[in-house]
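Report on the structure
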Amino acid sequence: MLPIGISFYTFHSLSYTIDIYHKKIEPTRDYIAYASFVCFFPQLVAGPISRAKDMLPKLLRKREIDAEKMTSGLSQMILGFFKKMVVADSIGVMVDSTYSNLHVVSDLQILFATVFYSFQIYCDFSGYTDIALGLGKMFGIELRVNFNRPYFSRNFSEFWERWHISLSSWLRDYLYIPLGGNRKGKLFTYRNLMITMLLGGLWHGASYNFIIWGGLHGLYLVVQRQFKFKLPNAIAIVLTFALTTLAWVFFRSHSFNDSIYIIKHIVHMKSHQVLLQFEIAKLVYVILVLLAMDIFFFNYFEKNSYKSFIINIVLLVHIILFATFSSNAFIYFQF
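Parameters at a glance
Residues numbered from 1 in each chain as written. Predicted model: local features only at pLDDT ≥ 70, side-chain atom pairs only at ≥ 80, totals over all residues. Heavy atoms only, no water. Patch = residues over 30% accessible without salt bridge, like charges linked within 9 Å, V, L, I, M, F, W, Y side chains within 5 Å. Areas by Shrake-Rupley, 256 points an atom, 1.4 Å probe, with all protein chains shown as cover. Salt bridge = Lys/Arg side-chain N within 4 Å of Asp/Glu carboxyl O. Lys, Arg positive; Asp, Glu negative; His and termini not counted. Charge placed at Lys NZ, Arg CZ, Asp CG, Glu CD. Buried < 20%, exposed > 50% of the residue type's maximum accessible area, 1.4 Å probe, protein only. Core = buried A, V, L, I, M, F, W, Y, C linked by side-chain atoms within 4.5 Å. Contact = heavy atoms within 4.5 Å. Helix = DSSP H or I, 4+ residues; strand = E, 2+ residues; numbered from the N terminus. 1 Å grid on protein atoms, 1.4 Å probe; cavity = no way out; pocket = protein on both sides within 12 Å on 5 of 7 lines; lining within 4 Å. Points joined across faces, edges and corners; volume = space filled by probe spheres on them. Axes fitted to C-alpha atoms, helices over the stretch in contact; angles between N-to-C directions. Left-handed = near helix turned anticlockwise from the far one by under 90°. Nonpolar A, V, L, I, M, F, W, Y, C, P; charged D, E, K, R; others polar. Expected span 1.5 Å × (residues − 1). Bend = angle between axes of the 7 residues up to and from the residue. Parallel < 35°, antiparallel > 145°, perpendicular 65-115°, else oblique.

1. A closer look at a positive patch on the surface
A contiguous patch of positive charge on the surface is contributed by Lys186, Arg225, Lys228 and Lys230. The exposure class of lysine 228 is exposed, given its relative accessible area of 56%.

Laid out in structure tokens, this is it:
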């Protein structure tokens with residue numbers, strides 16, 4: 001049995017030690033502040049990963065109860081619960097059922113489940129992050145933003161600047177750049193990208209599927225750098241989302257054989273069944289609500305206004321009506 005949050009203890013401690021070695025920060029003599037930085041409980045299990053230079057000053061200064069931060073933090077937590085309990089958990093029922101019965105469900109259902117999983121993992125993980133950030137605000141600690149509408153990315157460099165930002169920046173600063181980054185020519189740059197993404201995949205678990213997932217993203221980044229495609233924004237966003245969804249197949253599947261089965265049945269789809277079931281309509285609806293939030297009300301919780309109050313009410317109503325209220329652990333708790 002591994003300690004809860006072992007990977008985040010490790011990331012925090014390593015970054016602290018390495019930054020001291022490179023003289024980017026001075027060691028703190030306040031053990032309580034250091035221990036609080038390493039194991040600050042809202043972010044402990046699934047991030048975001050913090051840096052000592054950002055967190056220690058916040059922990060060392062005096063903090064007071066701030067009504068505005070309490071309100072803003074609560075709003076962000078409500079958004080996080082909406083993402084997790086309404087979107088991710090509702091989608092999870094359909095995705096889990098499909099991926100556990102691949103050989104008896106239709107090809108169209110496999111396609112729907114594969115696309116829906118992209119939204120499930122985003123809402124599950126970013127929902128946790130919103131709860132952690134909101135709770136941090138209520139304690140007077142501003143944590144790092146970890147997601148910035150990643151599915152609106154036009155390429156994979158942009159995707160990794162928007163998805164799990166604290167992990168991707170950690171891998172960039174403590175792995176990719178020390179390997180040489182892009183300073184030694186194309187071949188070494190491509191090698192460094194592949195090593196970074198493969199190790200990023202391996203960090204999620206000792207499984208070929210995670211390695212393939214990381215390798216695919218490494219390949220995407222290499223191809224993007226090599227060919228520098230110029231596509232209209234809408235096409236670039238759709239293509240990036242489609243290829244990201246393809247990679248998620250390996251991340252979610254129970255085995256490599258299941259991954260190949262899913263991809264094969266999506267590419268050679270034989271079923272023409274039309275899915276008009278209530279559950280599918282419900283899932284499409286909650287995803288559309290999520291997209292509307294991302295497009296029109298992104299970071300609404302930063303502004304304490306009549307509009308944010310109305311949005312909070314709308315989200316709470318959706319939680320009451322659509323939340324599963326079952327004990328579904330966050331996906332990233334397993335990593």
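2. Structural notes on the nonpolar core
Residues Ile121, Tyr151 and Trp163 are the most contacted members of the largest nonpolar core, which totals 69 residues. The residues contacting tyrosine 151, other than those within four sequence positions of it, are Ser118, Phe119, Ile121, Tyr122, Phe159, Trp163, Ile237, Phe241, Thr244 and Trp248.

3. Quick notes on a nonpolar patch on the surface
A contiguous nonpolar surface patch, about 890 Å² in accessible area, is contributed by Tyr306, Phe309, Ile310, Ile313, Val314, Leu316, Val317, Ile320 and Leu321. Looking at the secondary structure, you find tyrosine 306 in helix α13 (residues 306-322). By relative accessible area, tyrosine 306 is classed as exposed at 65%.

4. Details of empty space enclosed by the protein
In total, this model carries one cavity of 30 Å³ or more according to the counting rule given. By volume, the largest cavity amounts to about 50 Å³. Forming the boundary of the largest cavity are Phe119, Tyr122, Arg149, Pro150, Tyr151, Phe152, Leu290, Leu291 and Asp294. Of all the secondary structure elements, the ones that give two or more residues to the lining of the largest cavity are α5 (107-138) and α12 (278-296). Per-element tally for the lining of the largest cavity: the top contributor is α12, with three residues.

5. Comments concerning the packing of helix α10 (residues 233-252) against helix α11 (residues 256-267)
At a minimum axis separation of 8 Å, α10 and α11 run at an interaxial angle of 145 degrees. Between α10 and α11 lies a crossing of right-handed hand. Residues Leu246, Val249 and Phe250 of α10 lie in contact with α11, whose contacting residues are Phe256, Ser259, Ile262 and Ile263. Looking at the contact of α10 with α11, its residues break down into six nonpolar, one polar and no charged.

6. What to know about helix α7 (residues 165-179)
The end-to-end C-alpha distance of α7 is 20 Å, a good match for the 21 Å that 15 residues give at a rise of 1.5 Å each. The largest bend along α7 reaches roughly 40 degrees and is located at arginine 172. Regarding α7, the residues found buried are Ile165, Ser166, Leu167, Ser168, Ser169, Trp170, Leu171, Tyr174, Leu175 and Tyr176. On its buried face, α7 is in contact with α1 (6-21), α6 (156-162), α8 (186-203) and α9 (208-227).

7. With respect to the packing of α7 against α8
Where α7 meets α8, the axes come as close as 10 Å, and the angle between the chain directions of the two elements is 135 degrees. The orientation of α7 relative to α8 falls into the category oblique. Classified by chirality, the crossing of α8 by α7 is right-handed. Contacts between α7 and α8 pair Leu167, Leu171, Leu175, Tyr176 and Leu179 from the former with Thr189, Arg191, Asn192, Leu193, Ile195, Thr196, Leu199, Gly200 and Trp203 from the latter. Considering only residue class, the contact of α7 with α8 consists of nine nonpolar, four polar and one charged.

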